[in-house]
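Descriptive analysis of the structure
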Amino acid sequence: MASIQSHTVLPRPKFTAPTRVLIVIAPYYRDIADGLLTGAQAALADAGVAAEVIEVPGALEVPTAIKLASRSNSYDGFVALGCVIRGETTHYDTVCNDSSRGLTLLGLDGLCIGNGILTVENHAQAAVRADPAGQNKGGGAADAALHLIALARRFRGGRS
């Protein structure tokens, strides 16, 4: 079980200009994905941000889907959701590292992405993190995307 430690949560940005976010979710573990999605959608709705959801087969496909969607210039930011649970092989390491690396590279290219792909040892850890009434990592990923959108707009000199 994760220890409870105090940490800082930044206030959610407020937007005056219309803001659109695409949530890309890998529902491999449907119950976990549903919790992540509920948390992300609630955070975006609370910020007055329009959201669309698409599903992809697994965590490795999330960065590619975000890159493809970014070409449309229809979204201000993205939320990546999914779960990778350690198994008996090293495939876990590949999926964790490569999905994270893909999202990081996209972010360094200027996309505003909140990474909510859980990487855990077991289903119980994932359930605690995905629960919107618990650690709410889906909501946290949405908030991260919103903070990056606000920064991008600030540095471009545009309206928030």
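Our subject in this report is the structure included herewith. Quick caveat, the model's predicted, so the values are computed rather than measured. (Residues numbered from 1 in each chain as written. Predicted model: local features only at pLDDT ≥ 70, side-chain atom pairs only at ≥ 80, totals over all residues. Heavy atoms only, no water.)

Description of the sheet that holds strand β1 (residues 20–25)
Strand order across the open sheet formed by 4 strands is β2-β1-β3-β4, with parallel pairing between neighbours. Two strands lie at the open edges of the sheet, namely β2 (50–55) and β4 (113–120), each paired on one side alone. When strand polarity is set aside, the average angle formed by the axes of neighbouring strands in this sheet is 15 degrees. On the sheet, helix α2 (residues 62–70) packs against β1, β2, β3 (77–85) and β4 and is oriented at approximately 165 degrees with respect to β3. In the packing of helix α3 (residues 91–108) onto the sheet, the strands contacted are β3 and β4, and the crossing angle to β4 comes to about 170 degrees. (Pairing = 2+ DSSP bridges. Helix = DSSP H or I, 4+ residues; strand = E, 2+ residues; numbered from the N terminus. Axes fitted to C-alpha atoms, helices over the stretch in contact; angles between N-to-C directions. Contact = heavy atoms within 4.5 Å.)

A closer look at α2
One turn of an α-helix holds 3.6 residues; hence residues three or four places apart share an orientation. Residues Val-62, Pro-63, Ala-65, Ile-66, Ala-69 and Ser-70 constitute the buried set of α2. All buried residues of α2 lie within an arc of 160 degrees about the axis, which places them on one face of the element. Contact partners of the buried residues in α2: β1, β2, β3, α3 and β4. (Buried < 20%, exposed > 50% of the residue type's maximum accessible area, 1.4 Å probe, protein only. Arc of directions from axis to C-beta.)

So, the nonpolar core
Among the nonpolar cores identified, the biggest contains 29 residues, and Val-79, Leu-81 and Leu-118 are the most heavily contacted of them. Where this core is concerned, the elements lending two or more residues are β1, α1 (30–46), β3, β4, α4 (123–130) and α5 (137–156). Listed in part, the 20 residues of the second largest apolar core include Ala-26, Val-62, Val-95 and Ile-113. (Core = buried A, V, L, I, M, F, W, Y, C linked by side-chain atoms within 4.5 Å.)

Things to note about the pairing of β2
As defined by bridge partners, β1 adjoins β2 across 6 bridges and the pair is classed as parallel. Opposite Val-21, over in β2, you have Ala-51 as the bridge partner. Once you follow β1 into α1 and on to β2, the crossover reads as right-handed. (Right-handed = clockwise from strand over helix to strand, strands pointing away.)

Here's the deal with a nonpolar patch on the surface
On the surface, Leu-148, Leu-151 and Phe-155 cluster together to form a nonpolar patch covering roughly 290 Å² of accessible area. Secondary-structure assignment places Leu-151 in helix α5. (Patch = residues over 30% accessible without salt bridge, like charges linked within 9 Å, V, L, I, M, F, W, Y side chains within 5 Å. Areas by Shrake-Rupley, 256 points an atom, 1.4 Å probe, with all protein chains shown as cover. Salt bridge = Lys/Arg side-chain N within 4 Å of Asp/Glu carboxyl O.)

Here's the deal with the environment of Pro-27
Assignment of secondary structure puts Pro-27 in the loop between β1 and α1. The buried category is assigned to Pro-27, whose relative accessible area is 15%. Placed 56 residues apart in sequence, Pro-27 and Cys-83 show a C-alpha to C-alpha distance of 8.0 Å.

So, unusual backbone geometry
Glycine aside, the phi torsion of most residues is negative, and most peptide linkages are trans. The phi angle at Asn-73 is positive, at roughly 55 degrees, despite the residue not being glycine. According to the relative accessible area criterion, Asn-73 is exposed, its value standing at 70%.

Points about the pattern of salt bridges
All told, the structure shown has 9 salt bridges when counted by the stated rule. We note a salt bridge from Asp-98 to Arg-101, for which the minimum N-O separation is 2.7 Å. With Asp-98 and Arg-101 both in helix α3 and 3 residues apart, this pair spans about one turn of that helix. Taking relative accessible area as the criterion, Asp-98 reaches 35% and is therefore assigned partly exposed. By relative accessible area, Arg-101 is classed as partly exposed at 48%. Through salt bridges that share partners, Arg-12, Asp-46 and Asp-143 make up one connected network.

Remember, this is a structural readout, not a statement about activity or role.
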